[in-house]
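A structural walkthrough
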Amino acid sequence: NGIHSLRERGGRIRDRWKPREVRAPSLDWLNFLIADVRGGLGPYIVVFLVTELGWTPSATGFVTTIGGWLGLAAQAPIGAWLDRTNRKRVILLDAFLGLTIGAITIVWAPSFWPAMAANGLMQITSGVFEPAVATLTVGLFARSVLTARMGRNAAWSRAGNIAAAILSGFVAWLFSARAVFLQVPLIAAAAAAVAMTIPYSKVDLRRARGLAGADAEKDRPAGVMSLLGSRALMTFAACSFLYELADAPLLTLVGQKLGSDRPGDGILFTSALIIASQFGMLVSSVFVGRRADTIGYRPLIC
């Protein structure tokens, strides 16, 4: 009996630490390609406008600031829209189209007003991807495997960022900086094709909204005011805001500085910076996704 008990205990320990494989090839590749399609944007826009087109830092900063504020203002409405609609995949496909239009505009009409409109469009449509993938993931996977699946999503996204940085650097070196943006329509088309292979009929649309019960009258989504009234969520939002405020602009600024010091190499330096940062995030995504449920959680506010 003692030996049998020890064997059972050892088996439970092994099961506890055994990585849980949550496979969904379509979702994996969708995360990978979304990172790719966004890889031709972001920091590259600033570097391209300043180092390749000779824009002044003030004009570039104004365009990117306006675009950033537009993207920020659209985040909550986009999330609410994705939460309510049953056509989540259609919105994702529309976002790919918007990103493609913006990238092509940056290349073919890089003057002030078209660039501002294009950057604003790209910032807004980029806000669709993460909540859209999140809601599809929650609708496809039960809570028991959701943490591992989210970690896998993040790992594939980081791998996509690395691949995009390598590809963008190679394209800029082999062709030109403009070609970095022209790869966006091709990758967006591939991502759209992958999105269409997701088994949408298996997405639990109620669970995707965070609704566990089957009774629609008793289990209804909470309103906006309930979010604003949650001290824990507001604390988490404040932490996220401060992190982004401190961290987000640094890579762009460093890439811009290196590109100014070494004209023609701005895209290459930016790609190298992205690869270095994303590799560390890939490793942490895998570890956290596999171990978070085992290690456990602590409440934001006791």
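Residues numbered from 1 in each chain as written. Predicted model: local features only at pLDDT ≥ 70, side-chain atom pairs only at ≥ 80, totals over all residues. Heavy atoms only, no water.

A few points about the pattern of salt bridges
Taken as a whole and assessed by the stated rule, the structure comprises three salt bridges. In this structure, arginine 152 engages aspartate 28 in a salt bridge whose closest nitrogen and oxygen atoms are separated by 3.1 Å. One end of the pair, arginine 152, is in helix 7 (residues 143–174); the other, aspartate 28, is in helix 2 (residues 25–39), with 124 residues separating them in the sequence. On the accessibility criterion, arginine 152 (18% relative accessible area) is buried. (Salt bridge = Lys/Arg side-chain N within 4 Å of Asp/Glu carboxyl O. Helix = DSSP H or I, 4+ residues; strand = E, 2+ residues; numbered from the N terminus. Buried < 20%, exposed > 50% of the residue type's maximum accessible area, 1.4 Å probe, protein only.)

A word on the packing of helix 5 (residues 88–108) against helix 6 (residues 112–140)
Describing two packed helices takes the angle between their axes plus the distance from one axis to the other. Between helix 5 and helix 6, whose axes approach to 8 Å, the crossing angle comes to 155°. One element, helix 5, and the other, helix 6, form an angle in the roughly antiparallel class. Our pair here, helix 5 against helix 6, has a crossing hand that is left-handed. Contacts between helix 5 and helix 6 involve Lys88, Ile91, Leu92, Ala95, Phe96, Gly98, Leu99, Ile101, Gly102, Ala103, Thr105 and Ile106 from the former and Pro114, Ala115, Ala118, Leu121, Met122, Thr125, Ser126, Val128, Phe129, Ala132, Thr135 and Leu136 from the latter. (Axes fitted to C-alpha atoms, helices over the stretch in contact; angles between N-to-C directions. Parallel < 35°, antiparallel > 145°, perpendicular 65-115°, else oblique. Left-handed = near helix turned anticlockwise from the far one by under 90°. Contact = heavy atoms within 4.5 Å.)

Regarding the confidence of the model for the chain
In this model, the chain carries an average pLDDT of 77, and 74% of its residues clear a pLDDT of 70 or more. Contacts from residues 6–22, a stretch scored under 50 in pLDDT, to residues over four places away or in other chains number 15 contacts. (pLDDT = per-residue confidence, 0-100.)

With respect to the nonpolar core
In this structure, Leu30, Ile34, Leu92, Phe96, Ile106, Phe129 and Phe181 are the most contacted members of the largest nonpolar core, which totals 52 residues. Contributing elements (two or more residues each) for this core: helix 2, helix 3 (43–52), helix 4 (57–84), helix 5, helix 6, helix 7 and helix 8 (177–196). Among the elements that line this core, the one with the most residues is helix 8, at 11 residues. If sequence neighbours within four positions are ignored, isoleucine 106 has contacts with Phe48, Ala115, Ala118, Met122 and Phe181. (Core = buried A, V, L, I, M, F, W, Y, C linked by side-chain atoms within 4.5 Å.)

Details of the packing of aromatic side chains
Inspection of every chain in the model, using the stated rule, returns seven aromatic pairs. A ring pair is formed by tryptophan 29 and tryptophan 156, whose centres lie 5.1 Å apart and whose planes are at 65°; its orientation type is edge-to-face. Of the two residues, tryptophan 29 sits in helix 2 while tryptophan 156 sits in helix 7, which places them 127 residues apart along the sequence. One aromatic cluster is present, formed by Trp55, Phe62, Phe112 and Trp113 through successive ring pairs. (Phe/Tyr/Trp six-rings, centres within 6.5 Å; stacked < 30°, edge-to-face > 60°.)

Re the environment of tyrosine 44
Note that tyrosine 44 resides in helix 3. As a C-alpha pair, tyrosine 44 and alanine 177 span 133 residues in sequence and 8.8 Å in three-dimensional space.

Quick look at the side chain of arginine 89
With respect to the helices and strands, arginine 89 occurs in helix 5. No salt bridge forms around the buried arginine 89; measuring N to O, its nearest opposite-charge neighbour aspartate 94 is 11 Å away. Once residues lying within four places of it in the same chain are set aside, the contact partners of arginine 89 are Ala195, Met196, Ile198 and Tyr200. (Lys, Arg positive; Asp, Glu negative; His and termini not counted.)

Quick notes on the environment of methionine 122
Topologically, methionine 122 is positioned in helix 6. By relative accessible area, methionine 122 is classed as buried at 2%. Considered as a pair, methionine 122 and glycine 71 are 51 residues apart in the sequence and their alpha carbons are 8.1 Å apart.

Regarding the packing of helix 4 against helix 6
Relative to each other, helix 4 and helix 6 sit at 35°, their axes nearing to 7 Å. Here the hand of the crossing between helix 4 and helix 6 comes out right-handed. Residue classes in the contact of helix 4 with helix 6 are distributed as 15 nonpolar, nine polar and no charged. (Nonpolar A, V, L, I, M, F, W, Y, C, P; charged D, E, K, R; others polar.)

Quick word on the side chain of asparagine 119
Here asparagine 119 shows up in helix 6. In this structure asparagine 119 comes out as buried when scored by relative accessible area, which is 2%. Apart from the residues within four sequence positions on either side, asparagine 119 is in contact with Ile45, Val63, Thr64 and Gly67.

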